[in-house]
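Coordinate inspection notes
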Amino acid sequence: MSENDSVTREPILVCDQVSRWFGGLQATKSISLSIERGEIFGLVGPNGSGKTTLVNAITGFYPPQEGRIEFEGNPIQHLKPYRVAAHGIARTFQNVALFRGMSVLDNILLGRHILMRPSAIASLFYWWMAQKEEIAHRRKAEEIIDLLQLESVRNESVDVLPLGLQKRVELARALCAEPRFLILDEPMAGMNQEEKEYMVRFILDAQEALGLSILLIEHHMDVVTAICDRLMVLNNGQKIAAGKPQDAINEPAVVAAYIGKTDHAA
Amino acid sequence: MFYRLTGVYQTDYAKDRALWPIPTDRWIALLLLAIAIAAPFIFQVHYVANYMLPWLIWSSAALALTLLMGVAGQLHFGFAAVMAIGAYSSIHLARFGVPFELALLGAGLISAVIGSIFGAAALRVKGLYLVMATLAMQYLVDWVIVNVPAISGGAQATLRTPDVSFLFIPLESVWLYYMALLWTVVVTLFVLNIKRSSYGRALVAVRDKDYAASIIGVSPFRYKLSAFFTSSFIGGISGAILAFCYYQAVTPEQFGFHVSIQLVAMVLVGGLGSVVGAYLGAGFVLLLPMILTNFVAGLGAMGILNVSASLLAHIPLMAYGALIIVFLLAEPLGLAKIYDNTRKYFLVWPFRHGQS
């Protein structure tokens, strides 16, 4: 992944001068970035630095007031979230956003919504109009279940699962949509070391199997430096560093943002 | 026990997603259907016409409401108005000479369109505010029906249903019952199929977390409206069936506010979003008062209960109210949950715990 840097790849997502404010609070200030096809792009920064706002701007929840966002060359900054999904962008949420009343399997099947043709009429004539489609998509969902090793909890209700598994189910739901671009908002928050390692492997497996480009927000620096190809660091809504993970997190501005100023920045 | 999971292995996805993957459930469903079909031959006419027939029709109406309130999570406190629109539309269409089959379809569509217009409020408001919006529908529809003579046939008028036939069978005597049965079976399969298909999953997704639903491509706008449309369509036809097969003459009071509350009670007592619950809830709300009244009157006639006539009339109401409280305290998730617990107990018997 990170070895062939000499090859310039086409960008899949481009943010150009994206700004978003809430009343007097400027959450992101003119942020520009370009994510290349096939890479894992890390987005880090202290709490409240605008990472999630940027992601919400990309996915249409809080459209940017200024700036452009292009996905595969198409402007998407004014699309509603469900339209953004149809373009091939999937995401997970910081606080797990699963459908609690449903089983793991139904949650994952919902990931395939944009690829299905749901209608009340098809449900009425299920045996003639819906069954074939349901089974075809079930087969695809089972591939993802297999990839993320969720077979044993398939029929459990999601609210009885531990957090680590819930995050994995959410990843499965996102992958099920066959996205080309995946946004992971703190997929390892609240996990122990073992769960984190599992999650990293699943992310790398999925990236390899599905040829994904990934935008990863994460606070665990060991994870970020290990798997990201490039990194951007935000603080107070502004870009303070970008580049190779090791270089970016050692920039004086980043060290200052995280642990405060020292007499001589190492 | 015969009710076991042991030996039940699904080997393909179609069987795993069947309506009743467990054989015993399938047999119970078939047995109930057989009893329902044979009912006119094994029970007295009085019981079939006055207990089973209204129970079936109210079950289909409760199914429509549970689809909206339970599956899609949109509260509706004016559902009797939806049924009223269906009932009056079908009668007027039939009087115009429209074949009954098409009159039913038209009644469903008219109810669905008007129901979705009021349901559009759901796109902006939730919870109690949606209750207010749907209550407004109840009162507006009531007012229009009472005050527009072309619809109600004049104030305090009773509109008789014309004689009709369904698929060349004149709707009379026992065929009224079979018509209601047919409709209830269709609605039951419809709601069961919705719950296992992508459409139903999208409805539940919007109910549980609308922002998570939109990020996977489900438009909350579209599915909320669609839930109102589908549910009002079923509700409208159920109203029409109720008018033609049971009341045979309609007045505005039959679809008043108290009926809306009764429908909500059916859905809540039965268990939100549950198909079995709709049947149990409709049975509870509709039949229990009748049974209690008969029971108390019987006790009074036998001289066991020696109280004044007015108290005798009120005891069933008190007992009914107390029973609702008892059931909801014992199981807030409704009668369907009690059924579900019992079923699960037998599924894993003789073990105490396990997964279904």
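For clarity, every value in this text was computed on a predicted model and none was experimentally measured.

What follows covers the overall build of chain A. Along chain A, the regular secondary structure elements total 10 helices and 10 strands. The C-alpha extent of chain A, read off along each of the three principal axes, is 70 × 40 × 40 Å. Out of the 266 residues in chain A, the part that is buried amounts to 50%. Just so you have it, chain A exposes about 11900 Å², and 50% of that area is on carbon and sulfur atoms. Computing the positive centroid from 27 side-chain charges and the negative centroid from 33, chain A places the two 6 Å apart.

Secondary structure assignment for chain B yields 15 helices and 4 strands. In summary, chain B has a C-alpha radius of gyration of 21 Å against a globular reference of 21 Å for 356 residues, a match within 12%. With the principal axes as the frame, chain B shows a C-alpha extent of 65 × 65 × 45 Å. Across the 356 residues that make up chain B, the buried fraction comes to 49%.

Contact with chain A, which involves 37 residues of that partner, is made by 35 residues of chain B. Summed over both partners, the interface of chain A with chain B comes to about 3200 Å²; 63% of that surface belongs to carbon and sulfur atoms. Run the count over chain A and chain B and you get 3 salt bridges. Notably, a salt bridge pairs Asp106(A) with Arg17(B), separated by 2.8 Å at the nearest N-O pair. Every element with two or more residues in the side of chain A that touches chain B is listed here: helix H2 (81-86), strand E6 (89-92), helix H3 (104-110), helix H4 (120-124) and helix H5 (126-147) of chain A. For the side of chain A that touches chain B, the element with the most residues is H5(A), which contributes 8 residues. When its residues are assigned to classes, the side of chain A that touches chain B shows 22 nonpolar, 6 polar and 9 charged.

By secondary structure assignment, the location of Thr66(B) is in helix H3 (residues 45-71). When neighbours within four sequence positions are excluded, Thr66(B) is seen to be in contact with Val71(B), Val267(B), Gly271(B), Leu272(B), Gly273(B) and Ser274(B).

Turning our attention to the side chain of Ser19(A). Residue and element names in this part refer to chain A. Tracing the chain through its elements places Ser-19 in strand E1 (residues 11-22). On the accessibility criterion, Ser-19 (2% relative accessible area) is buried. In contact with Ser-19, other than residues within four places in its own chain, are Gln-26, Thr-28, Lys-29, Ser-30, Pro-64, Gln-65 and Glu-66.

Our next topic: the domain arrangement of chain A. Residue and element names in this part refer to chain A. If you check the domain split of chain A, you get domain 1 (1-88 + 183-202 + 213-266) and domain 2 (104-178). The distance between the C-alpha centroids of domain 1 and domain 2 comes to 28 Å. Opposite the 12 residues of domain 1 that make contact, domain 2 presents 9 residues. Carbon and sulfur atoms make up 72% of the surface buried where domain 1 meets domain 2, a total of about 840 Å² over both sides. Looking only at domain 1, the three residues that lose the most surface to domain 2 are Met-191, Met-199 and Phe-202, adding up to 52% of its buried area. The interface formed by domain 1 and domain 2 includes 0 salt bridges. The set of elements that each furnish at least two residues to the side of domain 1 that touches domain 2 consists of H2 and helix H7 (193-210). Broken down by class, the residue content of the side of domain 1 that touches domain 2 amounts to 9 nonpolar, 1 polar and 2 charged.

Here we take up the pairing of strand E7 (residues 181-185) of chain A. Residues and elements named next belong to chain A. Along E7, 5 of the 5 residues are buried, which leaves the element largely enclosed by surrounding structure. Of the two faces of E7, both are covered, the one formed by Phe-181, Ile-183 and Asp-185 as well as the one formed by Leu-182 and Leu-184. Sheet topology places E6 next to E7; 4 bridges connect them, and they run parallel. Within E7, the residue paired with Ala-90 across the bridge is Leu-182. As paired elements, E7 and strand E8 (residues 213-217) share 5 bridges and run parallel to each other. Residue pairing for E8: Asp-185 is matched across the bridge by Ile-217. Since E7 and E8 lie parallel, the crossover through H7 that links them has a hand, and here it is right-handed.

Bringing helix H6 (residues 163-176) of chain A into the picture now. With 14 residues, H6(A) should reach 20 Å at 1.5 Å per residue; the first-to-last C-alpha distance of 20 Å fits that figure. Taken across its 14 residues, H6(A) has 13 buried, putting it largely inside the fold.

All names here are of chain A. Ordered by their spatial adjacency, 6 strands build an open sheet running E6-E7-E8-E3-E9-E10, and the pairing between neighbours is mixed. The sheet terminates laterally at E6 and strand E10 (238-243), the two strands that pair on one side only. Neighbour-to-neighbour, the strand axes of this sheet turn through a mean angle of 15 degrees, independent of strand direction. Where strand E3 (residues 40-44) and strand E9 (residues 230-235) come together, 4 bridges link them in parallel fashion. Bridging from a neighbouring strand, Val-44 pairs with Val-233 of E9. Against the sheet, H6 touches E6 and E7, its axis set at about 175 degrees to E6. Here helix H10 (residues 252-259) sits on the sheet in contact with E3, E9 and E10, set at roughly 125 degrees to E10.

Our focus in this paragraph is the sheet that holds strand E2 (residues 25-36) of chain A. Residue and element names in this part refer to chain A. One open sheet accounts for 4 strands, arranged E2-E1-E4-E5; its pairing is antiparallel. In the strand order of this sheet, the two ends are held by E2 and strand E5 (74-75), each with one partner. Alignment of strand E4 (residues 66-71) against E5, held across 2 bridges, turns out to be antiparallel. What sits directly across from Glu-70, in E5, is Pro-75.

Moving on, we come to the nonpolar core. Membership of the largest hydrophobic core comes to 103 residues, with the highest contact counts inside it found for Trp58(B), Tyr177(B), Leu203(B) and Ile241(B). Core analysis: the next-biggest nonpolar cluster, separate from the first, contains 46 residues, Leu105(A), Val158(A), Leu212(A) and Leu231(A) among them.

Calculation notes
Residues numbered from 1 in each chain as written. Chains lettered and ligands numbered in written order. Predicted model: local features only at pLDDT ≥ 70, side-chain atom pairs only at ≥ 80, totals over all residues. Heavy atoms only, no water. Helix = DSSP H or I, 4+ residues; strand = E, 2+ residues; numbered from the N terminus. Buried < 20%, exposed > 50% of the residue type's maximum accessible area, 1.4 Å probe, protein only. Areas by Shrake-Rupley, 256 points an atom, 1.4 Å probe, with all protein chains shown as cover. Lys, Arg positive; Asp, Glu negative; His and termini not counted. Charge placed at Lys NZ, Arg CZ, Asp CG, Glu CD. Rg over C-alpha atoms; globule rule 2.2 N^0.38 Å. Contact = heavy atoms within 4.5 Å. Buried area = accessible area lost by both parts, 1.4 Å probe. Salt bridge = Lys/Arg side-chain N within 4 Å of Asp/Glu carboxyl O. Nonpolar A, V, L, I, M, F, W, Y, C, P; charged D, E, K, R; others polar. Domains from an automatic or database assignment. Pairing = 2+ DSSP bridges. Right-handed = clockwise from strand over helix to strand, strands pointing away. Expected span 1.5 Å × (residues − 1). Axes fitted to C-alpha atoms, helices over the stretch in contact; angles between N-to-C directions. Core = buried A, V, L, I, M, F, W, Y, C linked by side-chain atoms within 4.5 Å.

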